[in-house]
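# Summary of the model geometry
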Amino acid sequence: MAAALLAALSLGAGLQPVLAQNPSPLTLESLFRDKPYRGEPAREPAFSRSGRYLAYLWNPHGEPGSDLYVHDTRSGKTLRLTSPALMQAHDAPEDLERFEKKRLQREREQAERQAREEAQAAYLRGATVDLAQWELAEIAALKLEFAEKKKREDAQKAADKAEAEAEKRAAEALAARRAGKPASAAASAAAAASAAASLPEKDKELWEWRDELKKKLAKDKLKPTDLYPGVSQIVWARQRDELIFQYRGGLFRWQADGNRLTSLLGTQRQLRIVAYTPDDQGFVYMDESRVLRARFAGMAVQVINRELIHADEEEAAKKYRIESTVLSEDGRWMSLLARAPLVPPAGASGPAPKPGRQVEIMNYGERFATAKKVDREVSDDKRMQQPLALYIRRVPGLDGAPARQPAPVFTQAGGDGWFEISPVAWARDGSHYAFATWEREKELLRVYLGRADETAKPEVVIERRGDVHHELVNVFAPRFTPDGKRLIALLSDNDFRQPWAWDIAARQLKPLLQGEFEAHQLLGFTPDSRAMFVAANRDDAAAMNLYKVELADGAMQALGSAPD
């Protein structure tokens, strides 16, 4: 019965008589088209427990995916519960754009393949046809794409060169200061003058452009996940007229009473619905290999730090994945620290490089000596640090569609260099965030301060180059006072690690302690932001004791009795 009703719904609804005028000769190429005339049949028909509703997966001819339809046998009406427009409240804007872009690509490729087949058939019949027109058009578009890419690369190289020159001048000034010599005024004038314009790149031959075109076509080849997928699974309730379906790994609930569609679990994992519980008050589902049970009452699960989305055109080295997340105390903002995988050098092929090397270790514990290879890092190995990016996002609300993904506010290229970054610290009111970085080769310590904004770049408020303790980033991370008016950072300007205060409003930096002793452990603040607690060795160089420090004048009060 379900199959018969389904056939009537999917086939009988859209048939209209077509009268052909001056029909063209029927050929195999026009009959068996790349985009077939026959649409997809409906799948997975299933009646509700009461027998009133019939659910099935289907889409009109040419639309990607299989959406969920529910037919009411009593009223004769059919509801379409899912579509790209209906599900956009649960998809990121980048995903929707990718679906539309890939759909247009599929239609363009189908039309091009059909035109090529018809042109080939006409050529075999003796007609004059340019069979290379499509390839030449693709090569022309590829040349424009390469020209734009080269323009961006040249601009990036110029920026990198300017930064390298600035670092070179700073290193020369630091060396001169250490040697007690005046810094050279004509430091890099010759280097800047010698920056001759690069010779124009020789144009590729036709066979080279064809090779590049093959690479591009292989890269842009459509994958199953590129197109809108639709619904993949349906389960009806045991007693009620309601169902749960799976869409892109999330679970959604539709209730016939009121025609309500709600999201149950959207964890960006491949969840699979198993069944309703016997009382219809919950459901059983699977997450990878685990079987779990959940109840409808009081249930609300939402992913806050949605995984980063990257376009296919982006380089693999720039496809960051979230490594850590820090939420502001007021729950309105969060910072995402992401790293990108290592990739082979430009022009090289093969697996991505790994830090360290493989060494052979001999084992003499048995009768015969054996050797095995193990991964080991030694001092002269390259660091091979992964590229890093910092994102600032507003924490999404319980309702509403996902927002567009912002660009990173801070990036670091990684590679062969020692780079450290502290955890991101948020002001209690969520108005500002801060973090510190240390670059060993440059001997450069920086403290960044940013305001709560998804696009605004943080500014460098403190910078020290030269003789600074490399433990600064790991041992002490910048922290805000409870009122959010000052940022406490650790510096060693007086050869001892002590806290300094950066006034956010006045934009002034001042030391909080005076004296030759270490005080690099900040334990906390008083609620009124007037004092802080530190561990210092002021009275005993061999012991770190607890002190209360007044932020106004730096007065220190030892806590505990004298023997402590």
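Residues numbered from 1 in each chain as written. Predicted model: local features only at pLDDT ≥ 70, side-chain atom pairs only at ≥ 80, totals over all residues. Heavy atoms only, no water.

We now examine the overall build of the protein. The helix and strand tally for the protein stands at seven helices and 31 strands. Across the 564 residues in the protein, those meeting the buried criterion constitute 35%. Considering only intrachain contacts with a sequence separation of at least 6, the fraction spanning at least 24 residues in the protein is 46%. In the form shown here, the protein has an accessible surface area of approximately 34,200 Å², with 53% of it arising from carbon and sulfur atoms. (Helix = DSSP H or I, 4+ residues; strand = E, 2+ residues; numbered from the N terminus. Buried < 20%, exposed > 50% of the residue type's maximum accessible area, 1.4 Å probe, protein only. Contact = heavy atoms within 4.5 Å. Areas by Shrake-Rupley, 256 points an atom, 1.4 Å probe, with all protein chains shown as cover.)

This brings us to the side chain of asparagine 59. Following the sequence through the fold, asparagine 59 ends up in the loop between strand E2 (53-58) and strand E3 (67-72). Accessibility expressed as a relative area gives 6% for asparagine 59, which makes it buried. Among the polar contacts listed, one links the side chain of asparagine 59 to the backbone oxygen of glycine 65, at a separation of 3.2 Å. Apart from the residues lying within four places of it in its own chain, the contact partners of asparagine 59 are Pro64, Gly65, Ser66, Asp67, Tyr69 and Arg80. (Polar contact = N/O pair within 3.5 Å; in protein donor to acceptor, adjacent residues only side chain to side chain.)

Glancing now at the sheet that holds strand E31 (residues 556-558). The strand order across the open sheet built from four strands is E28-E29-E30-E31, with neighbouring strands paired in antiparallel fashion. Where the open sheet ends on each side, the last strands, each with one partner, are strand E28 (521-525) and E31. On average, adjacent strands in this sheet sit at an angle of 30° to one another, irrespective of strand direction. Of the strand pairs in this sheet, E28 and strand E29 (residues 531-536) are connected by four bridges, and their pairing is antiparallel. Each bridged residue has a counterpart across the sheet, and for glycine 524 the counterpart in E29 is phenylalanine 533. (Pairing = 2+ DSSP bridges. Axes fitted to C-alpha atoms, helices over the stretch in contact; angles between N-to-C directions.)

Our next topic: helix H4 (residues 133-179). Given 3.6 residues to a turn, an α-helix orients residues that are three or four positions apart in the same direction. The terminal C-alpha atoms of H4 lie 68 Å apart, and with 47 residues this matches the ideal 69 Å at 1.5 Å per residue to within 8%. Within H4, burial applies to Trp134, Ile139, Leu142, Glu165, Glu167, Leu174 and Ala176. Immediately downstream of H4, the backbone of glycine 180 shows phi near 75°, a positive value. (Expected span 1.5 Å × (residues − 1).)

Compared with an ideal rise of 1.5 Å per residue, which puts 32 residues at 46 Å, helix H3 (residues 93-124) spans 47 Å between its outermost C-alpha atoms and is within 8% of the ideal. Within two residues after H3, glycine 126 carries a phi angle of roughly 105°, on the positive side.

Let us now look at the environment of glycine 430. Here glycine 430 lies in the loop between strand E20 (425-426) and strand E21 (432-439). Take glycine 430: its relative accessible area is 1%, and that puts it in the buried class. Separated by 96 residues in sequence, glycine 430 and methionine 334 place their C-alpha atoms 9.0 Å apart.

Overall, the coordinates contain 35 salt bridges when judged by the stated rule. Taking the shortest distance from any N to any O, the salt bridge between glutamate 167 and lysine 442 comes out at 3.9 Å. One end of the pair, glutamate 167, is in helix H4; the other, lysine 442, is in the loop between E21 and strand E22 (444-451), and 275 residues separate them in sequence. For glutamate 167, a relative accessible area of 15% gives the class buried. Connected via shared salt-bridge partners are Asp91, Asp95, Arg98 and Arg248. (Salt bridge = Lys/Arg side-chain N within 4 Å of Asp/Glu carboxyl O.)

The next thing to look at is the environment of alanine 434. On the secondary structure map, alanine 434 appears in strand E21. On the basis of relative accessible area, alanine 434 is assigned to the buried category, the value being 0%. A sequence separation of 24 residues divides alanine 434 from proline 458, and the C-alpha atoms of the two residues are 8.1 Å apart. In this structure, alanine 434 is in contact with Pro423, Val424, Ala425, Tyr448, Leu449, Pro478, Phe480 and Leu487, ignoring residues within four places of it in sequence.

Ordered in space as E1-E2-E3-E4, the four strands form an open sheet in which the pairing is antiparallel. Edge positions in the open sheet fall to strand E1 (43-47) and strand E4 (78-80), since each of these has one partner strand only. Each strand of the sheet is rotated relative to its neighbour by a mean of 20°, with strand direction disregarded. Taken together, the six bridges between E2 and E3 define a ladder with antiparallel strand orientation. The partner of tyrosine 56 across the bridge, within E3, is tyrosine 69.

Our focus in this paragraph is the confidence of the model for the protein. With 86% of its residues at a pLDDT of at least 70, the protein reaches an overall mean of 82. Low pLDDT, under 50, characterises residues 11-19; the stretch is placed with two contacts to residues that sit more than four places away or in other chains. Here residues 187-197 scores under 50 on pLDDT; set against residues more than four positions off or in separate chains, the count is seven contacts. (pLDDT = per-residue confidence, 0-100.)

The interhelical angle for the contact between H3 and H4, taken along N-to-C directions, is 145°, at an axis separation of 11 Å. In this structure, H3 contributes Glu112, Ala115, Arg116 and Ala119 to the contact, and H4 contributes Trp134, Glu135 and Glu138. Classifying every residue of the contact of H3 with H4 by side-chain character gives three nonpolar, no polar and four charged. (Nonpolar A, V, L, I, M, F, W, Y, C, P; charged D, E, K, R; others polar.)

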